[in-house]
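Architecture and fold: a report
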Amino acid sequence: MSNPIDDLVNLAEYLERVPDAWARRTATRVNRLVSGETRDVAAALDLKQPRGKRAWRAVSQVEARNAAIREAVAKFFPALKRKQQADALAIALGRYEASAWRFDQRMEKCPYKVGDLNAALWLILTRVDHAVSAERIRKILVTR
């Protein structure tokens, strides 16, 4: 029966054999923890954020929300200009947040079928739990 440290050692050894650069970087990070170089898991895995910066989880969630916004606009409002797209999505998000979202936010799985506008709105709000202004959506659409 293995213990968690043995599992981490095995993981690091396995990753060192994977030819991809990401695997070697991850192995180095896991080895920092296993070797005792640091007891701080976040520091060992390079997940500590600098002072004044957002935590990596928050950054990841915002990036996922922004991708969902870009997808929704491309799918549901492709013929509109950027400003019109942002306005239309902001209105839809606001309406959804004020109505069905109050019940849907408790659901672990999306209650709508794939391809439905409400499914896209649900996905956006599950990433960051508040509607986004049209101005912010415009900024998201012009940046990648």
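Placed above this text is the structure.
Within every chain, residues take consecutive numbers counted from 1 along the sequence as written. With the structure being a predicted model, the display of local features is reserved for residues of pLDDT at least 70 and the display and counting of side-chain atom pairs for 80 or more, all residues being used for whole-chain, interface and lining totals. Water and hydrogen atoms play no part in the side-chain values, which are based on all heavy atoms of the structure.

1. Topic: the pattern of salt bridges
Definition in use: Salt bridge, as applied in this entry: a Lys or Arg side-chain nitrogen positioned within 4 Å of an Asp or Glu carboxyl oxygen. Under the scheme used here, helices are H or I runs from DSSP no shorter than 4 residues and strands are E runs no shorter than 2 residues, and both carry numbers assigned from the N terminus. For each residue, the accessible area found with a 1.4 Å probe, counting protein chains only, is set against the maximum for its type, and the residue is called buried under 20%, exposed over 50%, and partly exposed in between.
Throughout the structure, instances matching the rule amount to five salt bridges. With a closest N to O distance of 2.9 Å, D87 and K83 form a salt bridge. Taken together, the residues D87 and K83, both in helix α5 (residues 82-98) and four residues apart, mark about one turn of the helix. Classification of D87 by relative accessible area gives partly exposed; the value is 25%. D87 serves as the salt-bridge partner of R138, at 3.4 Å between the closest nitrogen and oxygen. Of this pair, R138 sits in helix α8 (residues 134-142) while D87 sits in helix α5, and the two are 51 residues apart along the sequence. Judged by its relative accessible area of 26%, R138 falls in the partly exposed class. Overlapping salt bridges bring together R29, R32 and D46 as one network.

2. Regarding helix α2 (residues 21-34)
As a reminder of what qualifies: Between the first and last residue of a helix there are one fewer steps than residues, each counted as 1.5 Å, and that sum is the expected span. Here a residue-residue contact requires only that any non-hydrogen atoms of the pair lie within 4.5 Å.
The end-to-end C-alpha distance of α2 is 20 Å, a good match for the 20 Å that 14 residues give at a rise of 1.5 Å each. Looking at α2, one finds that the buried residues are A23, A27, V30 and R32. Of the surrounding elements, those touching the buried residues of α2 are α1 (4-17) and α3 (41-44).

Keep in mind these numbers describe shape, not what the thing actually does.
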